[in-house]
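Fold and contact review
One-letter residues, chain by chain:
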Amino acid sequence: MVDSQSTPARQRPSIVSISSYLLFLFLALQVISLIITLSTFGKTRDALRAAYEGSATDGEQVADVFAVIGIGGSIVLLLLAVVLGVLALFNNQGRNGARITTWIVGGIMVCCVGGGLLSNAAGGFNTGGGTPDGGPSPEEIQRRLEEALPSWVTPVSLLLGVLSLIALIAALVLLALPKANPFFRKQTAGWEPPTPGASYPGNPQAPGQPGYPQASGEPGYPSSGEPSYPPPPAANRPDDTPPTDRPGSTPPPTS
């Protein structure tokens, strides 16, 4: 029985990828909005200063406060959009904590963008009524701003706000769909059945005993028997006198 320690690769659902693309789109839209705000900052400040000219309210101070609120709010939205962009990268990796954080930050951004859209749709400064110190009415301020700014600023700003809100809500909804839940669920190491003929990791597969030189019998030695030695010389005995009838030398006569 083999227990696999490796976690299988997960297939990222398409809805998670689309959600990340929408978060990146939201980030790009916030960058464009900040660029428009910075490019129209000077004309907006001049229009506010001219609207409060001759009143008891310091127009210079009002213009500075409006600049801080407008530019500061755009920068905060951009920073939160950057956070959402980073969270989108972690969402693509299946981090459930990143998904939960995306819902929290995204919910805050929905309130901010939606509130800005409602304010622009209501006419921005056009809140009705006048100022008690003899300053310009909200209608007058709005009129001067529309005269000072290019005609495309207001519709483009509204369009960017609507697209940002739609992209953000769609991204949050896609992450909440049941189809995305398995991708963000914590994966555990699975058990794999043993494969016939497979060997355990780290051990060489040995089909049999290790080979040794096989000996068919005892070690070979010379089998010639007892060692051969030269025969000893024969002893001279009295009866060993060769017969006379055999050819050979005649012994000398004895006297």
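Keep in mind the model is a prediction, meaning the values are calculated, not measured.

1. Considering the environment of Gly 114
- The topology assignment puts Gly 114 in helix H4 (residues 96-121).
- Residue Gly 114 is classed as buried on the basis of its relative accessible area of 16%.
- Separated by 48 residues in sequence, Gly 114 and Val 162 place their C-alpha atoms 8.3 Å apart.

2. Here's the deal with the packing of helix H1 (residues 14-39) against helix H6 (residues 153-176)
- Between H1 and H6, the shortest axis-to-axis distance is 8 Å and the interhelical angle comes to 155°. As judged from the angle between their axes, H1 and H6 are roughly antiparallel. As H1 runs across H6, the sense of the crossing is left-handed. Along the contact surface, H1 presents Ile 15, Ile 18, Ser 19, Leu 22, Leu 23, Leu 25, Phe 26, Leu 29, Gln 30, Ile 32, Ser 33 and Ile 36, while H6 presents Val 153, Val 156, Ser 157, Leu 160, Leu 163, Ser 164, Ala 167, Leu 168, Ala 170, Ala 171, Leu 174 and Leu 175.
- For the contact of H1 with H6, the per-class residue count stands at 19 nonpolar, 5 polar and no charged.

3. As for the environment of Val 16
- Mapped onto the fold, Val 16 is located in helix H1.
- Taking the C-alpha atoms as reference points, Val 16 and Arg 99, 83 residues apart in sequence, are found 10.0 Å from one another.
- Contact partners of Val 16, with chain neighbours within four places excluded, come to Asn 91, Asn 92, Ala 180, Phe 183 and Phe 184.

4. Digging into the packing of aromatic side chains
- Within this structure, the stated rule accounts for 1 aromatic pair.
- Centre to centre, the rings of Phe 183 and Phe 184 are 5.4 Å apart; their planes meet at 80°, and the pair counts as edge-to-face. For the pair formed by Phe 183 and Phe 184, the shared burial category is buried.

5. A closer look at the side chain of Gln 30
- Within the fold, Gln 30 resides in helix H1.
- With residues near it in sequence (within four places) discarded, Gln 30 still touches Leu 77, Leu 78, Ala 81 and Ser 164.

6. A few points about the side chain of Thr 44
- For Thr 44, the location among the structural elements is in helix H2 (residues 41-51).
- Setting aside residues up to four positions removed in sequence, Thr 44 forms contacts with Phe 66, Leu 145 and Leu 149.

7. Focus on the pattern of salt bridges
- What the rule picks out here adds up to 2 salt bridges.
- Glu 147 is paired through a salt bridge with Arg 143; the nearest N and O atoms lie 2.6 Å apart. In this pair, Glu 147 and Arg 143 both sit in helix H5 (residues 138-148), 4 residues apart, roughly one turn of the helix.

8. Details of the state of the cysteines
- Under the defined criterion, the tally for this structure stands at 0 disulfides.
- The structure places no disulfide on Cys 112, whose sulfur is separated from the nearest cysteine sulfur, that of Cys 111, by 6.8 Å.

9. Some thoughts on a nonpolar patch on the surface
- On the surface, a cluster of nonpolar side chains totalling about 390 Å² of accessible area is made up of Ile 18, Tyr 21, Phe 24 and Leu 89.
- The dominant element in the nonpolar patch, judged by the number of residues it contributes, is H1, at 3 residues.
- With respect to the helices, strands and loops of the structure, Ile 18 is situated in helix H1.

10. Some words on the nonpolar core
- Ranked by internal contacts, the top residues of the largest apolar core, which has 23 residues, are Val 16, Leu 23, Phe 26, Leu 84, Met 109, Leu 168 and Phe 184.
- Considering every element that reaches this core, the biggest residue donor is H6, with 6 residues.
- Excluding its chain neighbours within four sequence positions, the residues that come into contact with Met 109 are Phe 26, Leu 77, Leu 80, Ala 81, Leu 84 and Leu 168.
- Core analysis: the next-biggest nonpolar cluster, separate from the first, contains 7 residues, Ala 47, Leu 48, Ile 141 and Leu 145 among them.

11. Quick notes on the packing of H2 against H5
- The contact between H2 and H5 brings their axes to 9 Å, and the two run at 140°. Overall, the two elements H2 and H5 adopt an arrangement that is oblique. The hand of the H2/H5 crossing is right-handed. Across the interface between the two elements, Lys 43, Thr 44, Ala 47, Leu 48, Ala 50 and Ala 51 of H2 pack against Ile 141, Arg 144, Leu 145 and Ala 148 of H5.
- Tallied by class, residues from the contact of H2 with H5 come to 7 nonpolar, 1 polar and 2 charged.

12. Structural notes on the confidence of the model for the protein
- This prediction gives the protein a mean pLDDT of 76; 61% of its residues lie at or above 70.
- The model gives residues 1-6 a pLDDT under 50, and that stretch makes 12 contacts with residues more than four places away or in other chains.
- Predicted confidence is poor over residues 126-130, with pLDDT under 50, and the contacts of this stretch with residues over four places away or in other chains come to 11 contacts.

How each quantity is defined
- Residues numbered from 1 in each chain as written.
- Predicted model: local features only at pLDDT ≥ 70, side-chain atom pairs only at ≥ 80, totals over all residues.
- Heavy atoms only, no water.
- Helix = DSSP H or I, 4+ residues; strand = E, 2+ residues; numbered from the N terminus.
- Buried < 20%, exposed > 50% of the residue type's maximum accessible area, 1.4 Å probe, protein only.
- Axes fitted to C-alpha atoms, helices over the stretch in contact; angles between N-to-C directions.
- Parallel < 35°, antiparallel > 145°, perpendicular 65-115°, else oblique.
- Left-handed = near helix turned anticlockwise from the far one by under 90°.
- Contact = heavy atoms within 4.5 Å.
- Nonpolar A, V, L, I, M, F, W, Y, C, P; charged D, E, K, R; others polar.
- Phe/Tyr/Trp six-rings, centres within 6.5 Å; stacked < 30°, edge-to-face > 60°.
- Salt bridge = Lys/Arg side-chain N within 4 Å of Asp/Glu carboxyl O.
- Disulfide = S-S within 2.5 Å.
- Patch = residues over 30% accessible without salt bridge, like charges linked within 9 Å, V, L, I, M, F, W, Y side chains within 5 Å.
- Areas by Shrake-Rupley, 256 points an atom, 1.4 Å probe, with all protein chains shown as cover.
- Core = buried A, V, L, I, M, F, W, Y, C linked by side-chain atoms within 4.5 Å.
- pLDDT = per-residue confidence, 0-100.

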